2 protein chains.
Amino acid sequence: MSKNDKNEKLVSSITPMSEDFAQWYTDIVKKAELIEYTSVKGCMVIRPYGYAIWENMQRILDTRFKELGHENVCMPMFIPESLLNKEKEHVEGFAPEVAWVTYGGKEKLEERLCVRPTSETLFCEHYANIVHSYRDLPKLYNQWVSVVRWEKTTRPFLRSREFLWQEGHTIHETAEEAIAETERMLGVYADFCEQALAMPVIRGKKTDSDKFAGAVSTYAIEAMMHDGKALQAGTSHYFGDGFAKAFGITFTDRSNTVSVPHQTSWGVSTRLIGAIIMAHGDDNGLVLPPAVAPVQVVVVPIAQHKEGVLEKANELYNTLKAAGIRVKLDDSENSPGWKFAEYEMRGVPLRIEIGPKDIEQNQCVAVERHNRNKTFVPLDKLTDVVKERLQAVHDGMYQKALDNLNSRTYSCTSIDEIKSMLENNGDGFVKAMWCGDEACEDKVKELTGVGSRCIPFEQEQLDDKCVCCGKPAKCMVIWGKAY
Amino acid sequence: MSKNDKNEKLVSSITPMSEDFAQWYTDIVKKAELIEYTSVKGCMVIRPYGYAIWENMQRILDTRFKELGHENVCMPMFIPESLLNKEKEHVEGFAPEVAWVTYGGKEKLEERLCVRPTSETLFCEHYANIVHSYRDLPKLYNQWVSVVRWEKTTRPFLRSREFLWQEGHTIHETAEEAIAETERMLGVYADFCEQALAMPVIRGKKTDSDKFAGAVSTYAIEAMMHDGKALQAGTSHYFGDGFAKAFGITFTDRSNTVSVPHQTSWGVSTRLIGAIIMAHGDDNGLVLPPAVAPVQVVVVPIAQHKEGVLEKANELYNTLKAAGIRVKLDDSENSPGWKFAEYEMRGVPLRIEIGPKDIEQNQCVAVERHNRNKTFVPLDKLTDVVKERLQAVHDGMYQKALDNLNSRTYSCTSIDEIKSMLENNGDGFVKAMWCGDEACEDKVKELTGVGSRCIPFEQEQLDDKCVCCGKPAKCMVIWGKAY
């Protein structure tokens, strides 16, 4: 990073969040070098710093999936049109937004192929080939691939025509087992968001109008962004035996009867990178959770031309590296001030400053990104204190995001109350009762601007009546504006 | 694996290599559950056992790439036609075999997009955006993705319409630096094949007729398969400044002059799985190199119903697992004989047998897959001996493959000699001198059936004259039939 002038300007030119949240977001993804645009509309380059965040997410999730018995596979990226058409609701949901391959070289294809928007159909075809007996079940498969959905309006990470994700696809002997898997994987995602991304989430079920195309039920985790909007951070679907029937998947069960298996699918995507930007970032740039930050600690020497400073900075770097911490030493000629701004912009969770005075006192200074809290660290306790501070950063980030979620969640019992809450306090999550009727769901959105996000697992009895029609309420819904 | 009868049959039904090499290969990929066919012609499912081999390859290579300073990125999977057309030789090489996306949902695209067959054009567009000064160089980028080439004839792993690979793309201040990178990465591939895949390779340069479309020079590693045919296991290309000029990539150099950078690209693919099947496999199935085997050691209890056997088998399993060895315990109800055949078919490098008599003598038996060599292992030295035997398996596999390579490499000084050598000894590598003229290259192939594989770095002066035209020879070429 030696283009000093250019970068000084970059750092200073992030649009303040309060001025224009959307522009603030775009500035960060571009200036922290997470992505770059391409001539392919709606598609982007994920740059090294952005991709490294994704690799860290992948490593944590993949390890967890494998601990739970899942195996990785890889399906083709193409789906023949006839295969996509096999499950009616599914094709209706996805066909309008797929990219179609019609030519191979100079030859027109006999049947056009879509680039997978998701791979249920391919997994079903495969399961029909390999599942014959209860002894073949369950299959707990996952793949890490990219998928394509021909979106009209796109935004980096949040909604792009191609995005990276993992898609788990499992098949089970019984409905109970499949439902348990659906719930288990939602739990894995929720834990991941909270423990690795420091991002509290609400676990719940989607209303019928918001289900995945072809699912019996869709579970989701919803996170709140800085601006009070909701971001769906992961979904887990229970399919019942609908896909299996459509694709002719059967197995001989334990009582020697031909039976139809039950399926699930679940996924998270690079959208999570957008989520951590908007859940944690501030006007100085990114704020990255330590668990997925490409660089967890940056060592910045102060007055580095003075004798012994670089040597000591290198020593700290080596100590932290040996302890398995992702650390970077910036001994470039840029000023400490420039470096501070640069690594704040890039969201490095902890900065270590070491200068002549610190060396005299056998200490260094640790500065936390999210709150600029300073700690003087005795050098002989460096590793322990750094680990402790990284944990403190995680905890602090989580608490800050939780406070935002709590302070922007409003319990309401009337349409008017929803309106005035949002008007007076800004966007947020609204808790309100619902009768279960889709007409009311639509009407709430029409009248207040907030749609149903999910029916949270943690229910509260705010009222007996639907917030919209006044008829008996079936459940509490979280309403909000969504990314 | 409890479908005993079915699998007994599977194991026994591998076609012998000597009877039909191609069918032997197909039997193995299918019966060892590496792949499954799909309704997408020329594309396949890579099943868990096959994908785990690829994951192990990825991990080793990715670690090495990163040690050398490379960073992972992710480009879009689509290339607009106008972008593909920018470099003349490149588009001529690839356009005939790409898949074209022409519709997004119901709308015809204004410009059609090809699914990347390789990503030089996308990297060039990106470099034009982000490279401005010598301080921005080099960029050492890599991506792990799948690419699509609309092949007419396909075979699992060896040639499929979609395949997984990594593609490195680097850009440098000088030609020297780019050439050094091209050579360095070929070295990384060669070391990987030899040290991780136990597969000796010949390092060399492709003749001009065999270069990558748009490259100044292409380096390759060539491995020999059991049947004496060559398999190109990896390539590394030096582009000079041709792509940079076509894409308008320039930078301000150290003397403040606008200059054109030099580029490389390099890749290996899931083809390497095909290579290890055909370099190491035998009539009993796969033989996997320990470094990439999903299961390195299988523990098979003998007379497992007898008291203490399963307990001891579990103990061995736990000991090996704790030592970081990829180990599996098969305590299913299948017979030991079935298990032996099953894990031989799956190529597990080392089998540990433990029965009542072994327990009495405080030992177990280790059987090596590639030569069935037996070792009695004192249980208190289990981990050390297992590690030592895995190394011995690697070494033995390497030596066996090297012996095959050496015994099937023929030095020839005339067309007639090439013909008779191949006739009498079967397919293999032919070393013969060449004048450098493409006409001779074509004629050798026409007359003998073997084409130029590469101009090996290790040259020998077999003769002064071209094996074909008799004019002064420029170099020795390795000729052979290729997959």
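To be clear, the structure that these remarks concern was listed above.
Residues numbered from 1 in each chain as written. Chains lettered and ligands numbered in written order. Predicted model: local features only at pLDDT ≥ 70, side-chain atom pairs only at ≥ 80, totals over all residues. Heavy atoms only, no water.

Participant: Would you explain the side chain of Gln-166 of chain B in this entry?
Facilitator: Residue and element names in this part refer to chain B. Relative to the helices and strands, Gln-166 resides in strand 8 (residues 162-172). Judged by its relative accessible area of 0%, Gln-166 is buried. Within the local environment of Gln-166, its side chain forms a polar contact with the side chain of Tyr-189, the two groups lying 2.5 Å apart. Engagement of the side chain of Gln-166 in a polar contact is seen with the backbone nitrogen of Val-268, the distance being 2.9 Å. Ignoring any residue separated from it by four or fewer positions in sequence, one finds Gln-166 in contact with Phe-65, Asn-142, Gln-143, Trp-144, Tyr-189, Trp-266, Gly-267 and Val-268. (Helix = DSSP H or I, 4+ residues; strand = E, 2+ residues; numbered from the N terminus. Buried < 20%, exposed > 50% of the residue type's maximum accessible area, 1.4 Å probe, protein only. Polar contact = N/O pair within 3.5 Å; in protein donor to acceptor, adjacent residues only side chain to side chain. Contact = heavy atoms within 4.5 Å.)

Participant: For this particular structure, what's the right way to read the pattern of salt bridges?
Facilitator: If charged atoms from side chains of opposite charge come close, those side chains can pair. Scanning the model with the defined rule gives 62 salt bridges over all chains in all. Across the pair Glu-107 of chain A and Lys-152 of chain B runs a salt bridge whose closest N-O atoms are separated by 2.8 Å. Taken together, the positions of Glu-107 of chain A in strand 6 (residues 107-115) and Lys-152 of chain B in the loop between strand 7 (139-148) and strand 8 put the pair across two chains. With its nearest N and O atoms 3.0 Å apart, the salt bridge here joins Lys-481 of chain B to Asp-427 of chain B. Of this pair, Lys-481 of chain B sits in the segment after strand 23 (475-480) while Asp-427 of chain B sits in the loop between helix 14 (415-425) and strand 21 (429-434), and the two are 54 residues apart along the sequence. One network of salt bridges, with partners in common, ties together Lys-206, Asp-210, Glu-222 and Arg-453 of chain A. (Salt bridge = Lys/Arg side-chain N within 4 Å of Asp/Glu carboxyl O.)

Participant: Explanation requested: the side chain of Asn-142 of chain B in the structure shown.
Facilitator: Residue and element names in this part refer to chain B. With respect to the element layout, Asn-142 can be found in strand 7. Residue Asn-142 is classed as buried on the basis of its relative accessible area, which comes to 0%. In terms of polar contacts, Asn-142 uses its side chain to reach the side chain of Asn-72, at 3.0 Å. A distance of 3.4 Å separates a polar side-chain atom of Asn-142 from the backbone nitrogen of Gly-168.

Participant: I keep staring at the interface of chain B and chain A and nothing clicks. Help me out?
Facilitator: Note on interface size: it is often stated as the accessible area lost on association of the parts. Contacts between the two partners involve 59 residues from chain B, matched on the other side by 59 residues from chain A. Buried surface at the junction of chain B and chain A, both sides included, amounts to about 4,700 Å², of which 59% is carbon and sulfur. Where chain B packs against chain A, one counts four salt bridges. Counting the contacts that link chain B with chain A gives 19 residue pairs in polar contact (both at pLDDT 80 or more). Broken down by element, the side of chain B that touches chain A gets its largest block of residues, six residues, from strand 5 (residues 99-104) of chain B. Per-class residue counts for the side of chain B that touches chain A are 32 nonpolar, eleven polar and 16 charged. Sheet topology note: the strand 5 (residues 99-104) of chain A/strand 5 of chain B ladder contains five bridges and is antiparallel. Within strand 5 of chain B, the position partnered with Gly-104 of chain A by the bridge is Ala-99 of chain B. (Buried area = accessible area lost by both parts, 1.4 Å probe. Nonpolar A, V, L, I, M, F, W, Y, C, P; charged D, E, K, R; others polar. Pairing = 2+ DSSP bridges.)

Participant: Please explain the sheet that holds strand 16 (residues 327-329) of chain A as it appears in this structure.
Facilitator: Within a sheet, neighbouring strands are paired by backbone hydrogen bonds and run either parallel or antiparallel to one another. Residue and element names in this part refer to chain A. In spatial order, the strands read 16-15-17-18-19; together these five strands make up an open sheet with mixed pairing. Strands with a single pairing partner mark the edges of an open sheet, and in this sheet they are strand 16 and strand 19 (374-378). Sheet twist, expressed as the average angle between the axes of neighbouring strands with direction ignored, equals 25°. In terms of strand pairing, strand 18 (residues 363-368) meets strand 19 through five bridges, oriented antiparallel. By the bridge assignment for strand 19, Ala-366 is matched with Thr-375. On the sheet, helix 11 (residues 336-345) packs against strand 15 (297-301), strand 16 and strand 17 (350-354) and is oriented at approximately 170° with respect to strand 15. Running at roughly 160° to strand 19, helix 13 (residues 382-407) makes contact with strand 15, strand 17, strand 18 and strand 19 of the sheet. (Axes fitted to C-alpha atoms, helices over the stretch in contact; angles between N-to-C directions.)

Participant: Please clarify how the pairing of strand 5 of chain B should be interpreted in this entry.
Facilitator: The side chains of a regular strand alternate between the sheet's two faces. Residue and element names in this part refer to chain B. Of all six residues that make up strand 5, five are buried, and the element is covered over most of its length. Taken together, the four bridges between strand 5 and strand 6 (residues 107-115) define a ladder with antiparallel strand orientation. Within strand 6, the position partnered with Gly-104 by the bridge is Glu-107. Taking the residues between adjacent antiparallel strands as the criterion, strand 5 and strand 6 are bridged by two residues, where Gly-105 takes a positive phi near 65°.

Participant: Before we go on, may I ask you to explain the environment of Leu-122 of chain A in this structure?
Facilitator: Relative to the assigned elements, Leu-122 of chain A resides in helix 6 (residues 120-130). Overall, the relative accessible area of 1% leaves Leu-122 of chain A in the buried class. Separated by 43 residues in sequence, Leu-122 of chain A and Ile-79 of chain A place their C-alpha atoms 7.0 Å apart. Setting aside anything within four residues of it in sequence, one finds Leu-122 of chain A in contact with Met-75, Pro-76, Phe-78, Ile-79 and Leu-83 of chain A together with Val-40 of chain B.

Participant: Can you walk me through the relation of the copies chain B and chain A in this structure?
Facilitator: One copy of the chain maps onto the second through a rotation about an axis and a displacement along it. With an RMSD of 0.0 Å, the fit of chain B onto chain A corresponds to turning through 180° and sliding 0.0 Å along the axis. With respect to symmetry, the two chain copies, as superposed, fit the operation of a two-fold axis. Of every C-alpha in chain B, the one belonging to Val-101 of chain B sits nearest the axis of rotation, 2.1 Å from it. Mapped onto chain A, 100% of the interface residues of chain B are again interface residues, and the two copies thus contact each other with one and the same surface. (Least-squares fit on C-alpha atoms with pLDDT ≥ 70 in both.)

Participant: Please explain the packing of aromatic side chains as it appears in this structure.
Facilitator: Any two aromatic rings considered together are summarised by their centre-to-centre distance and by the angle between their planes. Within the structure shown, the criterion is met by 28 aromatic pairs over all chains. Judged by centre distance (6.2 Å) and plane angle (25°), the rings of Phe-65 of chain B and Trp-144 of chain B are stacked. Taken together, the residues Phe-65 of chain B in helix 3 (residues 48-67) and Trp-144 of chain B in strand 7 connect sequence positions 79 residues apart. Exposure remark for Phe-65 of chain B: the relative accessible area of 1% places this residue in the buried category. Using a relative accessible area of 15% as the deciding quantity, one classes Trp-144 of chain B as buried. Through a chain of ring-to-ring contacts, three or more aromatic side chains come together here, namely Trp-54, Phe-65, Trp-144, Tyr-189 and Trp-266 of chain A. The ring of Trp-100 of chain A is capped by Arg-112 of chain A, whose NZ or CZ atom sits 3.9 Å from the centre of that ring. (Phe/Tyr/Trp six-rings, centres within 6.5 Å; stacked < 30°, edge-to-face > 60°. Lys NZ or Arg CZ within 6 Å of the ring centre and 35° of its normal.)

Participant: Explain the pairing of strand 10 (residues 217-224) of chain B to me, please; I cannot follow it from the model alone.
Facilitator: All names here are of chain B. Extensive coverage of strand 10 is indicated by the burial of eight of its eight residues. Residue alternation in strand 10 divides its side chains into two sets, Ser-217, Tyr-219, Ile-221 and Ala-223 and Thr-218, Ala-220, Glu-222 and Met-224, and both sets are buried. Bridge count for strand 9 (residues 201-205) against strand 10 is five bridges, and the pairing is antiparallel. Counterpart to Ile-202 in the pairing with strand 10 is Glu-222. Both strand 10 and strand 11 (residues 230-240) contribute to a ladder of eight bridges, which runs antiparallel.

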